[in-house]
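Chain by chain, the residues:
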Amino acid sequence: MNLERFIAGRTLRSGRAPAGYRVSPPAIRIASAGIALGLATMLLSVAVVTGFKHEVRDKVVGFGAHIRITHFDSNASYETAPIMPGDTLTAALRAWPGIRHVEAFATKPGIMKTETDFQGIVLKGVGADCDWSFFRKHLTEGEIIAVDSPRVASGVLISATLAGMMGLKCGDSFTAYFLHDAIRARKFHISGIYATGYSDYDKLFVIADIRQVRRLNGWDDDAASGLALYVDNYRHIAATGEQLYFHLIDKTDRAGNTLYVRTIEELNPMIFGWLEVLDVNVALILVLMTAVSGFTMISGLLIIILERIRMIGILKALGQTNAALRRIFLHIASRLIARGMIRGNAIALAICLIQSHFHPLALDPDTYYLDAVPVDLNPAAWLLINAGAFAASMLMMIAPAGLAAKIHPARAIRFE
């Protein structure tokens, strides 16, 4: 066995050593606890912020897609100018590298009215090409509307927020009014109720058959407010959006309309800018926790060195080199750090699992867009944080471990 590792191991086994040779257990416990709490804080911070970003991003994308292609003259409202993409353009987009799904959508602002209340809404029409995975995930009552039948569906999906505001439930009917040359009224029945927790969108969107919107606007059968594109990898959204923008900048649809390509981040700059700011907070937490854990570990190692001064003097008198002494205390530090990291990982993992399954930490969805603190257990991020924390802690141990090599053997042996 390596001599330095053997001495380091015997030094830490305080329970088996004689009374005069054992390391103070509080020093070990405090050093290990500092590492454990610091690492747990770092892991939880990254898990919560990453989970929060993914949850909010997924909900924004669920209502708006990764990339949208609309009429160039469309403004920021939901009263849009139509495009007529045709089968050729749609097929080309579906074959585009990195695009996994393409669907048409249409929007129409209106007013939803019951006997006692009214509320401004946006009727979002979707067709048979709709990917329902997002709404199926958040569906709480009823069923998805049948937009692939020959008849125009009168059923709609509304949110639990909107249903509560209007005093409606699944199976009820309501009348909505829309303006197009003249006021037009339509009666809908509620086929299903969804709840995403994103209150800004939940109380706004009513999901309906796209043919309802086309009739309200007097559009052709293939007209739409735009095309919603979903990419395979979110990290490639900016590059894919840029490629599509320059590819379609000089092209038109079958009606001669100029097409406009925007990513979801360009459509919602404030939300995604706010999410990017969270990364700064995480970086600050990682730096602070690494510093606190490191200084706690330095204190613990210095206490161990002071308690083992006589051992250091005897080892130097027997011919042990300064480099060997540094390695002994670096081995001690690495074992203490490893113990703390195991406990820190266990603490963080337990808290994440409890929160992900039982949601004891709730949030106000009107403020945070979520009803509970989200956690994202990303193995790659956890390994990276563990590796970085271990490397940073060991680098901080080099200086205090070097102090053992500077101790004079004659003075150390006489040390009481």
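Residues numbered from 1 in each chain as written. Predicted model: local features only at pLDDT ≥ 70, side-chain atom pairs only at ≥ 80, totals over all residues. Heavy atoms only, no water.

Further remarks concern the overall build of the protein. Each helix and strand counted, the protein has 15 helices and 10 strands in total. At 31 Å, the protein has a C-alpha radius of gyration far larger than the 22 Å of a compact globule built from 416 residues. Expressed as lengths along the three principal axes of its C-alpha atoms, the size of the protein is roughly 100 × 50 × 30 Å. Across the 416 residues of the protein, 48% fall into the buried class. (Helix = DSSP H or I, 4+ residues; strand = E, 2+ residues; numbered from the N terminus. Rg over C-alpha atoms; globule rule 2.2 N^0.38 Å. Buried < 20%, exposed > 50% of the residue type's maximum accessible area, 1.4 Å probe, protein only.)

With 115 residues, the main nonpolar core has Val 56, Trp 132, Phe 135, Ile 158, Phe 174, Leu 229 and Phe 329 as its most contacted residues. The dominant element in this core, judged by the number of residues it contributes, is helix H2 (residues 25-64), at 16 residues. Not counting chain neighbours up to four residues away, the residues in contact with Ile 158 comprise Met 112, Ala 163, Leu 168, Phe 174, Ile 190, Gly 192, Ile 193, Tyr 194 and Val 206. (Core = buried A, V, L, I, M, F, W, Y, C linked by side-chain atoms within 4.5 Å. Contact = heavy atoms within 4.5 Å.)

Counting buried positions along strand S5 (residues 155-159) yields 5 of 5 residues, so the element is predominantly enclosed. Going residue by residue along S5, you find Gly 155, Leu 157 and Ser 159 tucked away on one face and Val 156 and Ile 158 tucked away on the opposite face as well.

Bringing the packing of helix H10 (residues 269-307) against helix H12 (residues 322-358) into the picture now. Where H10 meets H12, the closest approach of the two axes is 11 Å, and the angle between their N-to-C directions is 135°. With respect to H12, the element H10 is oriented oblique. The chirality of how H10 crosses H12 is right-handed. Contacts between H10 and H12 involve Met 297, Leu 301, Ile 304 and Ile 305 from the former and Phe 329, Ile 332, Ala 333, Leu 336 and Ile 337 from the latter. (Axes fitted to C-alpha atoms, helices over the stretch in contact; angles between N-to-C directions. Parallel < 35°, antiparallel > 145°, perpendicular 65-115°, else oblique. Left-handed = near helix turned anticlockwise from the far one by under 90°.)

In this section: the pattern of salt bridges. All chains considered together, the criterion is met by 10 salt bridges. As a salt-bridge pair, Asp 172 and Lys 169 come within 3.6 Å of each other at their nearest N and O atoms. Judged by relative accessible area, Lys 169 falls into the exposed class, the value being 52%. Here Asp 220 makes a salt bridge to Arg 254, at a shortest N to O gap of 3.6 Å. Remark: Arg 254 occurs in the loop between helix H8 (237-248) and strand S10 (259-263) and Asp 220 occurs in the loop between helix H7 (210-217) and strand S9 (226-231); sequence separation between them is 34 residues. Relative accessible area serves as the criterion here: at 38%, Asp 220 is assigned to the partly exposed category. Residue classification places Arg 254 among the exposed positions, given a relative accessible area of 53%. A single network of salt bridges, built from pairs that share partners, joins Asp 220, Asp 222 and Arg 254. (Salt bridge = Lys/Arg side-chain N within 4 Å of Asp/Glu carboxyl O.)

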